Amino acid sequence: VERTIGSAKDVASLSRKVVTLEDDIACLAKELANDKADRAKSQTLLIKQAEAKAAMLCESLRSEISQDLHGRPPAALAEAPLPSGSGPGDAATEIERLALGRS
């Protein structure tokens, strides 16, 4: 009889511990889901900001190149340093392509 009473107390104690563990796991799962959602939102925001910054930089570069093409004499453009590994024709073609906004 004493053994049965002791076993019943052990079962009740273990049952309370299991309930506590289940609650803790549910709480952790909820926190993990919230963190995942927050990371996804942050990542999306950072990507949009980077895209906007890249677009602004491209537009600024296009504007500068266009001003250089139209505002400087051709001789001055010919004297401008070329990117390494480019020939004169390659650089001029690339500058015109960028100035006209072509991909």
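Q: What am I meant to see in the overall build of the protein here?
A: Of the regular secondary structure elements, the protein holds 3 helices and 0 strands. Shown N-terminal to C-terminal, the secondary structure of the protein runs as helices and strands in the order α-α-α. When the accessible area of the protein is evaluated, it comes to approximately 8800 Å², of which 60% is carbon and sulfur surface.

Q: Looking at this structure, I do not really get the pattern of salt bridges. What am I missing?
A: If charged atoms from side chains of opposite charge come close, those side chains can pair. Tallied over the full model, the rule gives 1 salt bridge. With a closest N to O distance of 3.6 Å, Glu59 and Arg62 form a salt bridge. In this pair, Glu59 and Arg62 are both assigned in helix H1 (residues 2–71), 3 residues apart and thus about one turn of the helix distant.

Q: Teacher, can you tell me more about the confidence of the model for the protein here?
A: If pLDDT is low for a region, its predicted coordinates should not be looked at in detail. Taken over all residues, the pLDDT of the protein has a mean of 80, while the share at 70 or more is 65%. At the level of individual helices and strands, the protein shows its lowest average pLDDT in helix H2 (residues 74–79), which scores 51, and its highest in H1, which scores 90.

About the cut-offs
Residues numbered from 1 in each chain as written. Predicted model: local features only at pLDDT ≥ 70, side-chain atom pairs only at ≥ 80, totals over all residues. Heavy atoms only, no water. Helix = DSSP H or I, 4+ residues; strand = E, 2+ residues; numbered from the N terminus. Areas by Shrake-Rupley, 256 points an atom, 1.4 Å probe, with all protein chains shown as cover. Salt bridge = Lys/Arg side-chain N within 4 Å of Asp/Glu carboxyl O. pLDDT = per-residue confidence, 0-100.

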